Amino acid sequence: MASLAGSSIVLQPRHAGATSRVSGLKLVSFMSQRRSSLSFGLRPMPARLRISCAAKPETVDKVCEIVRKQLAVPSDKPVTGESKFAELGADSLDTVEIVMGLEEEFGITVEEDNAQNIATVLDAAELIDKLCSEKSA
C-alpha cells in the first residue's frame, strides 16, 4: 500500500545525475507484505508561479506602445506585459480610452464585459489576439 498527500519530494535514483521531482506531496508511506520498506526524506519546496503568454509578442509590443502613448508614460518607466494599468496611473476613463485606441488600431470591437476584465497589458493583448482570430475565422 502507498499513500501520498500534499508538499514536495525529490527522488534520486542510483544512477548519477538522474533526478525526478514530484510537487504537492507531504506524507509518503509504503508498506508491503514482505516487510521490506522504502524510506526517504521530505523537504518543503516553495510554489513556483509560471506565466504562460498566449498573446503574440508583436501584439504585446503594440499594446505597450498604445498604453504608453495614451497614459503619457515617461520613456524611462518600463511598460511590459505584466504592467497593470492602475500602476501606470490609469483611472477608469483612461482604461476606456485605452480600449477605444486598441479597437481602432486592431479593427476590433471589445464588448463591455470583456473590457472590464482587462487589468494588464497582457490581458489586453490576449483579448486582442482572441478577437482578431475570431474575426478572421
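Residues numbered from 1 in each chain as written. Predicted model: local features only at pLDDT ≥ 70, side-chain atom pairs only at ≥ 80, totals over all residues. Heavy atoms only, no water.

An unreviewed UniProt entry lists the chain under the name Acyl carrier protein, from Hibiscus syriacus. The Function (unreviewed entry) comment attached to the chain in UniProt states, word for word, "Carrier of the growing fatty acid chain in fatty acid biosynthesis." Turning to the chain, the UniProt annotation filed under Subcellular location (unreviewed entry) states: "Plastid, Chloroplast". (UniProt positions renumbered as here; feature names shortened; annotations may be inferred.)

Turning our eyes to something else, we now look at helix α1 (residues 57-71). With 15 residues, α1 extends 21 Å between its outermost C-alpha atoms, agreeing within 8% with the 21 Å of an ideal straight helix rising 1.5 Å per residue. Three or more residues of α1 are buried, namely Thr 59, Val 60, Val 63, Cys 64, Ile 66, Val 67 and Leu 71. (Helix = DSSP H or I, 4+ residues; strand = E, 2+ residues; numbered from the N terminus. Expected span 1.5 Å × (residues − 1). Buried < 20%, exposed > 50% of the residue type's maximum accessible area, 1.4 Å probe, protein only.)

Grouped together as the largest cluster of nonpolar side chains are 26 residues, with contacts concentrated most on Val 63, Val 67, Phe 85 and Val 121. Sorting elements by how many residues they give to this core places helix α4 (residues 121-136) first, with seven residues. (Core = buried A, V, L, I, M, F, W, Y, C linked by side-chain atoms within 4.5 Å.)

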